[in-house]
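Chain and residue survey
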Amino acid sequence: MATVDRVWRSPASAAASRALDADIEASLHGRELHPEGTVFVPKELATADIVEPYRREGSHVAIVSEDGSIDLLRPRLTSEEKLVIVALAVAAVVLWATRSRTVPA
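The structure reproduced in this document is the subject of the present report. Everything quoted here is computed from the prediction, not taken from an experiment.

Once that is clear, we can look at helix 1 (residues 11–28). Its 18 residues place the ends of helix 1 26 Å apart at the C-alpha level, agreeing with the 26 Å of an ideal helix rising 1.5 Å per residue. Among the residues of helix 1, A12, A15, A16, A19, D23 and A26 are the ones counted as buried. In a view along the axis of helix 1, the buried residues occupy a sector of 105°, so they form one face of it. G30 occupies a position one or two residues after helix 1 and carries a positive phi of about 80°.

In structure tokens, the structure reads:
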């Protein structure tokens, strides 16, 4: 007969699990604690190798410490999004510059 040993979970892992459970429970009641698609990661596992792929894919990452505090990291902007932001900024400056000129009468 096979047996399963109890798996040890770190305090941060247990806190991340509780945070995820609370997020699910809140969404079932129509509330949002964290943005949709947030990935919960225990602090001791929150290395760049773990976190950055999620952020590049567009997910928020909640890094959960053992006391339950959460650092929420936003997704990384794609190069296309950065280009759109720069283009809008340039367009705003050009529009401002052309409208701020007054023509003497």
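There's more to say after this.
Another point: helix 2 (residues 48–56). V51, E52 and R55 are the residues of helix 2 that are buried. On an axial view of helix 2, the arc spanned by its buried residues comes to 95°, and they lie on one face. On the buried face of helix 2, the contacting elements are strand 2 (61–64) and strand 3 (70–73). A positive backbone phi angle near 100° is found at G58, which sits one or two residues after helix 2.

If you look at the biggest cluster of nonpolar residues, it comprises 6 residues: A15, A16, A19, F40, A62 and V64. Of all hydrophobic cores here, the second largest spans 5 residues; its members include V39, V41, V61 and I63.

About the cut-offs
Every chain's residues receive numbers from 1 upward, in the order its sequence appears when written. Only residues with pLDDT of at least 70 get local features here, since the model is predicted, and only at 80 or more are side-chain atom pairs given and counted; chain-wide, interface and lining totals rely on the full set of residues. Note: side-chain values were computed over all heavy atoms of the structure, leaving out hydrogens and water. Only DSSP runs of H or I with at least four residues qualify as helices, and only runs of E with at least two residues qualify as strands; both kinds are numbered from the N terminus onward. Helices are assigned an expected span. That span is 1.5 Å times one less than the residue count. The cut-offs for exposure are 20% and 50% of the maximum accessible area for each residue type, with area from a 1.4 Å probe on protein chains only; residues under the lower value are buried, those over the upper are exposed, and the others partly exposed. Regarding the arc, it is the one traced by the directions from the helix axis to the C-beta atoms. Working rule for contacts: check all heavy atoms of both residues, and any pair within 4.5 Å makes them a contact. For the purposes of this section, nonpolar cores are sets of buried Ala, Val, Leu, Ile, Met, Phe, Trp, Tyr and Cys residues that join through side-chain atoms within 4.5 Å.

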